[in-house]
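This is what each chain is made of:
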Amino acid sequence: GLAVTLQLAAVVLVFGTAGGVVLGVASAYGGAPVRLFVGALLYLARGLPLLIQVFAIFYLLPLFGPTLDRFSTAAVALGAFAAMTISEIVRGGLV
């Protein structure tokens, strides 16, 4: 219960922050192709509800390769969601 929640929060905090900073800096200072790619990625990922992202990672990803357990699925989905949100904050602070 609580231990798993705290572990998940720690993993999401680390990976979400690291990914968000990388994407935010790339979005602010990258070349035109990088900014276009990051902008498209952010547009698509932020426009898709988080629950749909979780379902896609848990049910669709195994069709193309790796099968993730419940914890890994939650960590990837929440980490990506946090990274997208943090990247917009970083980009806004840099521009």
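Look up a bit, the structure's there.
If you're wondering where the values come from, they're calculated on a predicted model, not measured in any experiment.

The rules we used
- One numbering rule holds for all chains: residues counted from 1, following each sequence as written.
- At least 70 in pLDDT is required for a residue's local features to be given in this predicted model, at least 80 for side-chain atom pairs to be given and counted, and no such filter applies to totals for whole chains, interfaces and linings, which use all residues.
- Remark: hydrogens and water are excluded; side-chain values derive from all non-hydrogen atoms of the structure.
- Working convention: axes come from line fits to C-alpha atoms, limited for helices to the stretch in contact. Angles between N-to-C directions cover 0 to 180 degrees.
- A run of DSSP states H or I qualifies as a helix once it reaches four residues; a run of E qualifies as a strand once it reaches two. Both are numbered from the N-terminal end.
- In what follows, roughly perpendicular refers to angles from 65 to 115 degrees, roughly parallel to angles under 35, roughly antiparallel to angles over 145, and oblique to any angle outside these ranges.
- Put simply, a crossing is left-handed when the front helix is turned counterclockwise from the back one by less than a right angle, and right-handed when it is turned clockwise.
- When residue character is reported, Ala, Val, Leu, Ile, Met, Phe, Trp, Tyr, Cys and Pro are called nonpolar, Asp, Glu, Lys and Arg charged, and the others, Gly included, polar.
- Joining through side-chain atoms within 4.5 Å is the link that ties buried Ala, Val, Leu, Ile, Met, Phe, Trp, Tyr and Cys residues into a set, and such a set is a nonpolar core.
- Whether a residue is buried, partly exposed or exposed follows from its accessible area with a 1.4 Å probe, protein chains only, as a fraction of its type maximum: under 20%, in between, or over 50%, in that order.
- Residue contacts are defined here by distance: any two heavy atoms, one from each residue, within 4.5 Å place the two residues in contact.
- Under the convention used throughout, the expected extent of a helix is 1.5 Å for every residue step, that is, one less than its residue count.
- The arc under discussion is defined with respect to the helix axis, by the directions toward the C-beta atoms.

Novice: Which parts of the structure should I look at to understand the packing of helix H1 (residues 2-29) against helix H4 (residues 70-94)?
Specialist: Packed helix pairs are specified by the crossing angle of their axes together with the interaxial distance, meaning the distance between the axes. For the pair H1 and H4, the least separation of the axes is 6 Å and the interaxial angle reads 40 degrees. On the basis of their axis angle, the class for H1 and H4 is oblique. Crossing of H1 over H4 shows right-handed handedness. Here the contact of H1 with H4 is composed, by residue class, of 19 nonpolar, 9 polar and 1 charged.

Novice: Even after reading the chapter, I still don't get the nonpolar core, so can you show me in this structure?
Specialist: Note that soluble globular proteins tend to have their nonpolar side chains buried in a common cluster. Judged by nonpolar contacts, Leu-23, Val-38, Leu-42, Ala-45 and Met-84 together constitute the single largest core of 5 residues. If one sorts the elements of this core by residue count, helix H2 (residues 32-47) sits on top with 3 residues. With sequence-adjacent residues up to four places away left out, Leu-23 is seen in contact with Val-38, Leu-41, Met-84 and Ser-87.

Novice: Could you clarify how one ought to interpret H2 in this entry?
Specialist: In this model H2 runs 22 Å from its N-terminal to its C-terminal C-alpha over 16 residues, within 8% of the 22 Å that 1.5 Å per residue would give. For H2, the full list of buried residues reads Val-38, Leu-42 and Ala-45. Down the axis of H2, the buried set is contained in an arc of 80 degrees. They therefore lie on one face. Away from its buried face by more than 90 degrees, H2 exposes Ala-32, Pro-33, Leu-36, Phe-37, Tyr-43, Leu-44 and Gly-47. Where H2 is buried, its residues touch H1, helix H3 (50-64) and H4.

Novice: Which parts of the structure should I look at to understand the side chain of Ser-87?
Specialist: Structurally, Ser-87 is set in helix H4. Contact partners of Ser-87, with chain neighbours within four places excluded, come to Gly-20, Leu-23, Gly-24 and Leu-42.

Novice: Please explain the environment of Val-11 as it appears in this structure.
Specialist: Position of Val-11 among the secondary structure elements: in helix H1. Classification of Val-11 by relative accessible area gives partly exposed; the value is 26%. Considered as a pair, Val-11 and Gln-53 are 42 residues apart in the sequence and their alpha carbons are 18 Å apart. Apart from the residues within four sequence positions on either side, Val-11 is in contact with Gly-16, Phe-71 and Ala-75.

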